[in-house]
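# Structure at a glance
So the chains spell out like this:
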Amino acid sequence: MYTLLNTINSPADLKKLKQDKLLILADEIREFLLETVSKTGGHLASNLGCVELTLALHYCFNSPDDSIIWDVGHQAYTHKIITGRRDKFITQRQYHGISGFPKRSESMHDAFGAGHSSTSISAGLGMAVAHGLKEEASKVIAVIGDGSLTGGIAFEALNQAGHLHKNLIVVLNDNEMSISKNVGALSTFISRKLTGSYYRGLKKEMQGLLKNIPAIGGNILHFARKAENSLKGFLTPGTLFEALGFEYIGPVQGHDLPQLIEIMQNVRALEGPVLVHVMTTKGKGYQPAEKTPDKFHGVGPFDVKTGKVIAGKPGAQSYTGIFGETMVKLAAEDKKIIAITAAMPDGTGLTPFAKAYPDRFFDVGIAEQHALTFAAGMATEGFRPVAAIYSTFVQRAYDQVFHDICLQKLPVTLALDRAGLVGDDGPTHHGVFDLSYLRHLPEMTVMAPKDENELQHMLKTAIYSDRPIALRYPRGAGYGVAMDESLQAIPIGVGEQLAEGGDLTLVAIGSTVYPAMEAAELLKEKGIRATVINARFVKPLDRNLILAAAGRTGCIITVEENAMQGGFGSAVLELLADEAAGIRVKRIGVPDRYIEQGSQAQLRQDLRLDAAGIAQTAAEFLGKNDSSRTGPGACRT
Ligand SMILES: Cc1ncc(C[n+]2csc(CCOP(=O)(O)OP(=O)(O)O)c2C)c(N)n1
Ligand SMILES: CC(=O)[C@@H](O)[C@H](O)COP(=O)(O)O
Ligand SMILES: [Mg+2]
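The protein appears in an unreviewed UniProt entry as 1-deoxy-D-xylulose-5-phosphate synthase from Geotalea uraniireducens. Entered under Catalytic activity (unreviewed entry) in the UniProt record, the comment concerning the protein runs "D-glyceraldehyde 3-phosphate + pyruvate + H(+) = 1-deoxy-D-xylulose 5-phosphate + CO2". Taken directly from UniProt, the Pathway (unreviewed entry) text for the protein runs: "Metabolic intermediate biosynthesis; 1-deoxy-D-xylulose 5-phosphate biosynthesis; 1-deoxy-D-xylulose 5-phosphate from D-glyceraldehyde 3-phosphate and pyruvate: step 1/1."

Below is the structure:
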């Protein structure tokens, strides 16, 4: 089946092949990608579009002496397969398996870790400068997609690279797609086909214009025909990159392996910064993915024959879906509501909003910092902007939250999707720091819903709170609870008590509230009665509710799907230290280390964030075998 592929265990094996064999290998790799990703799920379309490019790079350069850096790294499956991980590839993005992104600790061929976008050129330039200082001739190649090029840091790096004039090769993999269709003036400019209708239209317009100039028109027309090439030269995408000090080569056909090899061999010999503009097709070679590359950007296990995703049992609607629906509902009543995404309309659930209110929807590209300051600017004009960005990607815009939103007390709503453990994407994508990095900012309010019904109420609360406010919610489905028809704002800083018990208090936030309630039921079997509080707010805490419960039971266990360092539990500790000495506290949450990939359920179980783990922690905390330690006030030291 994979006759050639099974002989490739390193780039050295690849270099032994004649070029005609490489074409066969490319077909085998595409088949292998379909076979494995249809089982594991993953980033299919980007990888199908990068097969020839990856083979050409590893054929012409010498990894690991030469460094090949993959931007985001979601398109590096072929790179992994031909650098010794073919047999392990079926474990990619699985619990205890290999990562779905390049990872330095995983292979010497993974020159730089990735997962977040637009970092490859900066890292590559750093390596190129280092090679210069060490007087090493190693080559550095940064492979960046057209979507990732909309990230500002990429231009910060291009700017410096052109200035330093070090040996750096940037390969722009242009498939005119981000996750969805790529956006922005840059994307239009770099992907414009000058031999296409645009150029012909321009030429016709110019000729018509010149012909109408009396007398001298004829001569100028002759001159203009001569100037045509320079016009073409002026208008090609290369203009931009050459202005930044790069030698521009392209556009190059990204699936023509012999041409790619020839070009990369020539590029290898060049000095200074070079940008190779490669045109590819996202999803190449698999018709369902070519037709809908956005649907096959990140895909679950699917049937290769039909292209249909193998759906799990029909579950409750996702938090993302409820967020998107509620945004449309609220926007129907209020023209001031604005929706902003950073290149993830589908992932954040804003596609229905974009369809319903296109003039109030903004996809800014992979530009989270710009997204937040853009939102802040709109807020100064009386609008109610909602920036929907994954928790982990807001980390890139921390200063914008502080400097542009909180310091100016601007009413921007941060809708942090994928907050908590996200699962297969692993440590680069777990949204487990937002409670810590937001709650210490003055003027910021932070809340998290216990279920999808509370989410819709909290979204209305946030939008009409007239303050900087963050609402964080997890990846995946809700609980299938009944959804209230009318939305009520929740009083800021007010939590709710869900169960009464004298032995201990479980204070939970967001996705840990239902597990805490289930844990309280499990504890009853051990004769332990727990009070359960849904805190709702990390900032401001419902101090009266928490202090009253702490005073009654004498001990508190906090639960959060966030880093314990500086998170929700820390906030409760601070409250008790200031106002209620002598209360025993135990925190459950994400410890001070990075959490690898795995299913959300598995990772929550590992960290005792599920009902059984919370109950076990509570029983241990209370000394489960020491019956004298149960009953009211059992916690008192
Ligand atoms: C900072 C950041 N924001 C958003 C994302 C989510 N994301 C992952 S891949 C991607 C699109 C990348 O497009 P492109 O670079 O063109 O690669 P392609 O998938 O087209 O090969 C986005 C928005 C991310 N990984 N990092
Ligand atoms: C590579 C990347 O950053 C995105 O594709 C991300 O994997 C999407 O995550 P979701 O699948 O949770 O939308
Ligand atoms: Mg792209």
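This brings us to the overall build of the protein. Broken down by element type, the protein carries 25 helices and 19 strands. Relative to the compact-globule value of 26 Å for 637 residues, the protein shows a C-alpha radius of gyration of 28 Å, a close match. Seen along its three principal axes, the alpha-carbon backbone of the protein occupies a region of about 100 × 65 × 55 Å. Within the protein, the fraction of its 637 residues that count as buried is 57%. Taking all contacts inside the protein whose residues are at least 6 apart in sequence as the whole, residues at least 24 apart take part in 77%. A total accessible area of about 26,000 Å² is found for the protein, and carbon and sulfur atoms account for 55% of it. Computed over 65 positive and 68 negative side-chain charges, the separation of the two mean positions in the protein equals 2 Å.

Right, let's talk about the site of ligand 1 for a bit. Surrounding ligand 1, one finds 23 residues, the nearest of these being His 74, Gly 147, Ser 148, Lys 282 and Glu 368. A distance of 2.7 Å separates an oxygen atom of ligand 1 from a polar atom in the backbone of Gly 147. Contact distances for ligand 1 include 2.7 Å between an oxygen atom and a side-chain N or O atom of Lys 282. For ligand 1, whose unbound accessible area comes to 590 Å², protein coverage reaches 98%. Grouping the constituent residues of the shell around ligand 1 by class yields seven nonpolar, 12 polar and four charged.

Now for the pairing of strand β8 (residues 337-341). In terms of residue burial, β8 counts as a mostly covered element, since five of its five residues are buried. Neither face of β8 is exposed, since Ile 337, Ala 339 and Thr 341 on one face and Ile 338 and Ile 340 on the opposite face are all buried. Bridging between β8 and strand β10 (residues 384-390) involves five bridges; their strand directions are parallel. Bridged to Thr 341 within β10 is Ala 388. When β8 meets strand β9 (residues 361-363), the two strands line up parallel, connected through three bridges. Each bridged residue has a counterpart across the sheet, and for Thr 341 the counterpart in β9 is Asp 363. Following the chain from β8 across helix α15 (residues 351-356) to the adjacent parallel β9, one finds a crossover that is right-handed.

Another aspect to go through is the coordination of the magnesium ion (ligand 3). The protein atoms that coordinate the magnesium ion (ligand 3) are Asp 146 (OD), Asn 175 (OD1) and Met 177 (O), at distances of 2.0 to 2.2 Å. In the primary sequence, the donor residues of the magnesium ion (ligand 3) line up as D-x28-N-x1-M. Here Met 177 lies in the loop between β3 (169-174) and α8 (185-191) and Asp 146 lies in the loop between β2 (140-145) and α7 (152-164), a separation of 31 residues in the sequence.

About the cut-offs
- Residues numbered from 1 in each chain as written.
- Chains lettered and ligands numbered in written order.
- Predicted model: local features only at pLDDT ≥ 70, side-chain atom pairs only at ≥ 80, totals over all residues.
- Heavy atoms only, no water.
- UniProt positions renumbered as here; feature names shortened; annotations may be inferred.
- Helix = DSSP H or I, 4+ residues; strand = E, 2+ residues; numbered from the N terminus.
- Rg over C-alpha atoms; globule rule 2.2 N^0.38 Å.
- Buried < 20%, exposed > 50% of the residue type's maximum accessible area, 1.4 Å probe, protein only.
- Contact = heavy atoms within 4.5 Å.
- Areas by Shrake-Rupley, 256 points an atom, 1.4 Å probe, with all protein chains shown as cover.
- Lys, Arg positive; Asp, Glu negative; His and termini not counted.
- Charge placed at Lys NZ, Arg CZ, Asp CG, Glu CD.
- Near = heavy atom within 4 Å.
- Polar contact = N/O pair within 3.5 Å; in protein donor to acceptor, adjacent residues only side chain to side chain.
- Nonpolar A, V, L, I, M, F, W, Y, C, P; charged D, E, K, R; others polar.
- Pairing = 2+ DSSP bridges.
- Right-handed = clockwise from strand over helix to strand, strands pointing away.
- Donors = N, O, S within 2.8 Å, 3.2 Å for Na, K, Ca; no water.

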